[in-house]
Amino acid sequence: PLGVFSAPSLRKLPIDSSAIADLGPERLTRLDSALKAYRFNLCIEPLTRNMGCDYLNTCQEVIDALRAIDAQNLFTMLDTASSISAGNDPTTEIRDHQADIAHLHLSEPNLASFDRLSADYTSLGQALNDEANTAVWASIEMLRTGDQWQRDCKQAIAVMQGCF
């Protein structure tokens, strides 16, 4: 099984930011061990500071933290909307981090519908095909927008189909 840890409110620490460097590896190591015992994998979603997160804000930060403890049951993921909101290109992030990404959220900024695309999902899908050396799970993240929800769902599914 594969789960996703987002939880921006749980990454708001009431401690000095320098303490994260001490607590982070110890907590991640304990979590990785517990997950192994349950035969469960967990993806940590990078969330930007503007979402209220104090740490693990980028794919690279998550990857570095997990490599530092030689994690076996912890992975990272990519959310296209978070990537775009942080000023990054999701396709480039897929190419740069594919070996470490186990899950992908296809989403537009503010969880908008897929009628006006903020990313080149065709290129993103090509990057997945070009770089894929691990299995990547994907999901669609989107808020319901009025009475057009069926149309919005069809558009989102068409975008996902274009990626895979």
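Located above this text is the structure these notes cover.
What you are looking at is a predicted structure, and each value in this text was computed from that prediction instead of being measured.

Cut-offs used in this document
- Residues numbered from 1 in each chain as written.
- Predicted model: local features only at pLDDT ≥ 70, side-chain atom pairs only at ≥ 80, totals over all residues.
- Heavy atoms only, no water.
- 1 Å grid on protein atoms, 1.4 Å probe; cavity = no way out; pocket = protein on both sides within 12 Å on 5 of 7 lines; lining within 4 Å.
- Points joined across faces, edges and corners; volume = space filled by probe spheres on them.
- Helix = DSSP H or I, 4+ residues; strand = E, 2+ residues; numbered from the N terminus.
- Buried < 20%, exposed > 50% of the residue type's maximum accessible area, 1.4 Å probe, protein only.
- Arc of directions from axis to C-beta.
- Salt bridge = Lys/Arg side-chain N within 4 Å of Asp/Glu carboxyl O.
- Pairing = 2+ DSSP bridges.
- Axes fitted to C-alpha atoms, helices over the stretch in contact; angles between N-to-C directions.
- Contact = heavy atoms within 4.5 Å.

Enquirer: Looking at this structure, how should I read the layout of surface pockets?
Expert: Over the atoms, a rolling probe the size of a water molecule traces out where space has been left empty. Taken as a whole, the second largest pocket holds about 250 Å³ of empty space. Lining the second largest pocket are 15 residues; nearest its centre among them are Met51, Ala81, Ser82, Asn110 and Leu111. A total of three residues in the lining of the second largest pocket trace back to one element, the largest contributor, which is helix H3 (residues 80-85).

Enquirer: Mind showing me how you'd approach helix H2 (residues 59-68) here?
Expert: Since there are 3.6 residues in each turn of an α-helix, residues three or four apart along the chain are aligned in direction. All of the buried residues in H2 are Cys59, Val62, Ile63 and Leu66. For H2, the buried positions fall inside an angular range of 100° around the axis, keeping them on one side. In the stretch just after H2, Asp70 is the one whose phi turns positive, near 55°.

Enquirer: Would you take a moment to explain the pattern of salt bridges for this structure?
Expert: When the charged atoms of two side chains lie near each other, side chains of opposite charge can form a pair. What the rule picks out here adds up to four salt bridges. Here Asp100 and Arg67 are joined by a salt bridge, their closest N and O atoms 2.7 Å apart. With Asp100 in the loop between helix H4 (90-97) and strand E4 (101-107) and Arg67 in helix H2, the pair connects residues that are 33 residues apart, well separated along the chain. The exposure class of Arg67 is exposed, given its relative accessible area of 54%. Overlapping salt bridges bring together Glu26, Arg27 and Arg30 as one network.

Enquirer: What should I look at first to understand the sheet that holds strand E5 (residues 137-141) in this one?
Expert: Where strands meet in a sheet, backbone hydrogen bonds hold them as pairs that are either parallel or antiparallel. Ordered in space as E1-E2-E3-E4-E5, the five strands form an open sheet in which the pairing is parallel. For this open sheet the edge positions go to strand E1 (2-5) and E5, each flanked by a neighbour on one side alone. Mean inter-strand twist for the sheet, computed between neighbouring axes without regard to direction, equals 30°. Here strand E3 (residues 74-79) runs beside E4; their pairing, made up of four bridges, is parallel. When the bridges of E4 are listed, Asp79 appears paired with His105. Sheet strands in contact with H2 are strand E2 (41-44) and E3, and its direction is about 175° off that of E3.

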